[in-house]
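Listed here are the chains, written in short residue letters.
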Amino acid sequence: MTPRLRRPRHPRARKWCAATWLVWAVVIWPLSVTAVGTDEKAPLRVVLDDNYPPYIFKDAEGRLRGILPDQWALWEKKTGRRVRLIATDWAEAQDMIRRGEADAIDTLFRTPEREGVYTFGAPYAEIPVSVFHHETISGIPDLEALKGFAVAVKEGDAAVEVLKNRGVAAFLTYPSYESIVQAAASGTVKIFCMDDPPAYYLLAKYGILDHFKKGFTLYSGSFHRAVLKGREDLLAVVEEGFSALSRKDLEAIDRKWMGSSLRPSVPWRTVGWAMGTLALLVLLGLLWIVLLNARVRRKTQEVRKLLDESRRREEILRVTLEKHELTLQAASMSSWDWNVRERCVVRDASWAERRGLDPSRSWEDLRTWIDTVHPEDRSRVLARLKDHLEGRTSHYEAAYRVRNADGAHHWILDRGKVIVRDDAGKPVRMIGIETDITAQKTMEARLRLLTRVVEQSPLSIVITDPAGRIEYVNEEFCRLTGYRPHEVIGENPRLLQSGRTPRETYRDLWDTITRGRTWQGVFCNRTKDGSLYWEEAVICPIVDESGRIDHYAAMKQDITARKQLEEQLVQAQKMESVGRLAGGVAHDFNNALQIIMGYAEVALGLLDSRDRVHRMLNEIHKAARRSAGVVRQLLAFARKDLIRPVPLNLNEHLAEIHRMLKRLIGEEILLELRPGEDLWPVLLDPSQADQVVANLVINARDAIERSGTITLETQNVFLDGSRKAGPVFIPEGEYVRLSVTDTGCGMDAQTMEHIFEPFFTTKEVGKGTGLGLSTVYGIVKQNGGWIDVTSAPGEGTRFDLFFPRLRSDAHGRSGGSDRAREGESPRAGETVLVVEDEPLILGLAQTILRDAGYRVHAFNRPSAALQWVREHADPVHLLLTDVVMPEMSGRELWDYIKRWRPDVGCLFMSGYTADMLAHRGVGSEELHFIHKPFTADVLLRKIRRILSAKQITGAMSP
């Protein structure tokens, strides 16, 4: 737009105007016509935003208006080169210049990413970029408060990159600033980021200026004109043209669109009257000078007083500054003042002393300061300083280490702010204060270490207030109890109580810790899922500076596994005690029973069965046999009985004894057999299997009052190590499970704790020995198995026996053939040596064998038997010997005799336990053994089987 010229009214003004027009017509106009006429260049294509008021926008008729169209028109007029302004969407504008559809781009902010694409001209306008929010939002003072909100931005705007780099992730993208404000007017947008000039212009345009507030200035950028890399010559032409424009013309354009103060034009006549008035006033002023001279003298005295007051205030200021310095020193603080342009830091003495520099100097260069910063912190500190100098942060703050004279490092907290910038926005002066935080950092490191120790401690740690409310628990507590911290904070530790810890323990705990002493003890607590666990605890009071208890700390260790081991140890010791008792009396008791049973049996053979004495002897014999059974049960329970395990299929074995078991329980009780499919074999003594099943079935029968059901069930199972047998976990592996279930009266928990103890019984006196289940327990453990019981009053009982799977059954079972051979009819006539140190048993054996037709040589000492063998050449077919004797063992005696009689067989007999026999070489399966007490019939069958086997072996020998 060309301003309209007003015709001057004054004659001299008219002459000046005519001269001006003459110069224009004669000199300037021909030159301009010549320049225009000779410019054959294509128009300069400049692309820019189409909606950035007041710099550029379109009016109602679609024409470009604003500061930039006027400036480029002035440039076109100045340079004589035509300009074509292409105003479009900002993102499209950037794409057009990249595609080569424009020569230059205007209103471009300079960013590191754009520097790789464009060559920028000099900045010509400083534009603040701010975040605006609706009045319904309480406030967004900084970037941290902005995170989490969706921010409306213009597509392609430099602010998008800045926001992303500072952690803002949610954006609402619009094609122009006006579309953002239109969305804000409709209520769709509550927060947007925009350059300040178009923001205020558009907010006012749409009448919502009072409804939005400025949150904070994100950064300040400068407008540049730019060209693509490689077209720097074109940029030079553009920049040269704008440099030629006068500042006055550019300011006039700014005032046109930015506005200016409204001043009325002053007519020349008015100016004349004003000058006359001023002259009159000057005359009056001269008169007043004379009159005021005296008054000045009076005021001089007052000025002197003011000077004195000023000096006094200067002194106060000096003292205040000294106090300020002392305060900074007391707070381990120091101040600095940085002249950015001259790269000089004015600092106090404390600042220099902390870095090992000369405190007498008042300034340092920037390089010296940088060198004192720890190398690991240097890049971070310089980056934060650069952010503030370039206006990206409101202040500078950094914590870092500095090196002193002896090479040690101190931690400081440095804060500062630019207080002076030049017209281009470049920093000129920056001041700040730094604080020595070495002690704080050391304490923080110790606190972090202590926190890691507590969090990673293998002990469960709980901290409560004086009332017992939990304030802190560590990870081990959560792992042990199953509770998460938020579930127990504020709760009382009693939520862990299981009811199994005596109340006296808790009373003693509180009495101890409330008196300021440390308490140690053991709890049985309950986890979140209801499981019980044991923990050993140390609880102590924590006192404050005044000695008052303000917290309690508990350090607890899980000892559940140790408790279980202790229970197993106690049980094992009880079993071992019974075993020692059984083993200690077994030999003498078995020898006595052997004498009673043997002679009773011999006497029965001499009497008529109708004789009264025969009946008495028969009762004696039965009682002795029952006593022998009790001894065998004791030895089986103590796992000291001699066993002969063979590969055994429990399905087949249970089928064999099923009829016998039915006779034991009677007709009123149903006995069900549920064999498992493809049952694995186990390694088990068949007689022990009979004993186990019989004891369990008899116990089940006694638990059923009238009628009921007993179920025998077998199954192959794989245990993963989580199954328990009592308090102990069964090892992982493959097992054959034998289950005995009844529908009887069941047992309570207290009874189940004692059922495997020897001599414990719930039956009436005379109806049970209390060894049935303890014998079962001993046999199962002796064969490497596990036993578990489940019961409840009125719900019956279930025993589960787990025997390890036998991987190979190549040996097969030999029980059937053994029984067959034992059933053969006895023959006699062979020579048998009998060696026994107990005279009564020696005589008994001699009588039984002679009555059976054998030739018998009896000796009560091994040496006597050896002497007879050496001195006589009579054949010896069998040696019947005790195992434990004074001079040598039975095994040693047999080995000596075989030197003279290599083919002699041997049958060992003893009343000692299996472990005692094993120590004397009589524990292997290939040896023949008969356990005292035995009957005459069993003895003769054993001898006959051995001799028959010898004959078969001799016949097969070449």
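In what follows, the structure referred to is the one given above.
Within every chain, residues take consecutive numbers counted from 1 along the sequence as written. Per-residue local features are limited, in this predicted model, to residues with pLDDT of at least 70; the limit for side-chain atom pairs, both in listing and counting, is 80 or more; totals at the level of whole chains, interfaces and linings are taken over all residues. Note that water and hydrogens are dropped before the side-chain values are worked out from all heavy atoms of the structure.

Student: How should I be thinking about the sheet that holds strand β18 (residues 460-464) in this particular structure?
Tutor: Strand pairing in a sheet relies on backbone hydrogen bonds, with the paired strands running either antiparallel or parallel. Only when DSSP finds a minimum of two bridges between them are two strands counted as paired. Labels follow the DSSP assignment, with helices taken as runs of H or I lasting at least four residues and strands as runs of E lasting at least two, numbered in each case from the N terminus. Spatially, the five strands line up as an open sheet ordered β19-β18-β22-β21-β20, and their pairing is antiparallel. Each end of this open sheet is capped by a strand with a single partner; those strands are β19 (470-473) and β20 (519-526). Across the sheet, the mean angle from the axis of one strand to that of its neighbour is 30°, orientation sign disregarded. Here β20 pairs with strand β21 (residues 532-543) via eight bridges, running antiparallel. Along β21, the bridge assignment pairs asparagine 525 with tyrosine 533. Strand contacts of helix α18 (residues 503-513): β20, β21 and β22 (549-558), with the helix running at about 140° to β20, the strand carrying the most contacts. Here an angle of 0 to 180 degrees is reported between the N-to-C directions of two axes, which are lines fitted to C-alpha atoms, with helices fitted over the stretch in contact. The contact criterion used is simple: two residues touch if any of their non-hydrogen atoms lie within 4.5 Å.

Student: Would you take a moment to explain the packing of helix α21 (residues 650-665) against helix α22 (residues 686-703) for this structure?
Tutor: Between two packed helices, both the angle of their axes relative to each other and the distance between the axes serve to describe the pair. Here α21 crosses α22 at 35°, and the two axes come no closer than 10 Å. The chirality of how α21 crosses α22 is right-handed. Along its contact with α21, which presents His653, Leu654, Ile657, Leu661, Leu664 and Ile665, the element α22 presents Pro686, Ala689, Asp690, Val693, Ala694, Val697, Ile698 and Arg701. When grouped by side-chain class, the residues that make up the contact of α21 with α22 number 11 nonpolar, one polar and two charged. By the definition used in this description, the sense in which the near helix is turned from the far one sets the handedness, with an anticlockwise turn below a right angle giving left-handed and a clockwise turn giving right-handed. Each residue is assigned to one class: nonpolar for Ala, Val, Leu, Ile, Met, Phe, Trp, Tyr, Cys and Pro, charged for Asp, Glu, Lys and Arg, and polar for all the others, Gly among them.

Student: Would you explain the sheet that holds strand β36 (residues 929-931) in this entry?
Tutor: Taken together, five strands build an open sheet; the order of strands is β33-β32-β34-β35-β36 and the sheet is parallel. What marks the edges here is a single partner per strand, and that holds for β33 (855-859) and β36. Sheet twist, expressed as the mean angle between neighbouring strand axes with direction ignored, is 20°. Of the strand pairs in this sheet, strand β34 (residues 878-882) and strand β35 (residues 905-910) are connected by five bridges, and their pairing is parallel. Looking at β35, one finds that threonine 881 is bridged to phenylalanine 908. Strands β32 (831-835), β34 and β35 of the sheet are contacted by helix α28 (residues 890-900), whose axis makes an angle of about 155° with β34.

Student: Just checking my understanding: could you explain the packing of aromatic side chains for this structure?
Tutor: The description of two aromatic rings rests on the distance between their centres and on the angle between their planes. We call Phe, Tyr and Trp rings a pair once their centres come within 6.5 Å, taking the six-membered ring for Trp, and we label the pair stacked below 30 degrees between planes, edge-to-face above 60, and tilted otherwise. One pass over the structure, following the stated rule, counts 22 aromatic pairs. Their ring planes at 70° and their centres at 6.1 Å tell us that tyrosine 118 and phenylalanine 120 sit as a pair that is edge-to-face. Assessed through its relative accessible area of 1%, tyrosine 118 is described here as buried. Here the aromatic residues Tyr52, Tyr55, Phe109, Tyr124, Tyr177, Tyr219 and Phe223 are joined through ring pairs into a cluster of three or more. Only protein chains enter the accessibility calculation, which uses a 1.4 Å probe; a residue whose area is less than 20% of its type maximum is buried, one above 50% is exposed, and one in between is partly exposed.

Student: Hey, could you run me through unusual backbone geometry in this one?
Tutor: What is expected of a backbone is that most residues other than glycine have negative phi and most peptide bonds are trans. The residue after proline 53, namely proline 54, is reached through a cis peptide bond having omega 0°. Secondary-structure assignment places proline 54 in the loop between β1 (44-49) and β2 (57-58). Look at the link from lysine 932 to proline 933: it is a cis peptide, with omega at -5°. Counting through the fold element by element, proline 933 comes out in the loop between β36 and α30 (936-956). Even without being glycine, arginine 343 reaches a positive phi, approximately 55°. With respect to the element layout, arginine 343 can be found in the loop between β12 (333-339) and β13 (344-347). For aspartate 678, which is not a glycine, the phi torsion comes out positive at approximately 50°. Position of aspartate 678 relative to the elements: it lies in the loop between β24 (669-674) and β25 (682-684).

Student: Which parts of the structure should I look at to understand the nonpolar core?
Tutor: Considering soluble globular proteins, one finds that nonpolar side chains tend to be buried as a cluster. Formed by 47 residues in total, the largest nonpolar core has its most connected members in Leu146, Leu163, Phe192 and Cys193. Not counting residues within four places of it along the chain, the set of residues in contact with cysteine 193 comprises Val129, Ser130, Val131, Val151, Ala152, Val153, Ala159, Leu163 and Leu218. Side-chain atoms within 4.5 Å link the members of a nonpolar core, which is a set of buried Ala, Val, Leu, Ile, Met, Phe, Trp, Tyr and Cys residues. Grouped together as the second largest cluster of nonpolar side chains are 37 residues, Leu648, Leu654, Val682 and Phe799 included.

Student: Which parts of the structure should I look at to understand the pairing of β33?
Tutor: Consecutive side chains of a regular strand alternate in pointing toward one face of the sheet and then the other. Two strands pair when backbone bridges link them, and β32 and β33 are joined in this way by five bridges, in the parallel orientation. When the bridges of β33 are listed, valine 832 appears paired with valine 856. Every crossover in which the path from the first strand over the helix to the second runs clockwise, viewed with the strands pointing away from the viewer, is termed right-handed. Taken together, β32, helix α26 (residues 839-851) and β33 form a β-α-β motif whose crossover is right-handed.

Student: I tried to follow the environment of leucine 459 on my own but got confused; where do I start?
Tutor: Residue position: leucine 459 is located in the loop between α15 (438-456) and β18. Measuring from C-alpha to C-alpha, the distance between leucine 459 and lysine 556 comes to 5.5 Å, with 97 residues separating the pair along the chain. Those residues within four positions of leucine 459 in sequence are excluded, and the remaining contacts are Asn474, Glu476, Met555, Lys556 and Gln557.

Student: How should the pattern of salt bridges be read in this particular structure?
Tutor: Should the charged atoms of two oppositely charged side chains come close, the side chains can pair. One speaks of a salt bridge when a side-chain nitrogen belonging to Lys or Arg is within 4 Å of a carboxyl oxygen belonging to Asp or Glu. Counted according to the given criterion, the structure contains 49 salt bridges. Note that aspartate 387 and arginine 392 form a salt bridge whose closest N and O atoms lie 3.0 Å from each other. The exposure class assigned to aspartate 387 is partly exposed, which follows from its relative accessible area of 27%. For arginine 392, a relative accessible area of 28% puts it in the partly exposed group. The salt bridge partner of arginine 807 is glutamate 734, with a shortest N-O separation of 2.4 Å. Residue arginine 807 is located in the loop between β31 (797-804) and α25 (815-822), and its partner glutamate 734 is located in strand β29 (residues 733-742); the two are separated by 73 residues in the primary sequence.

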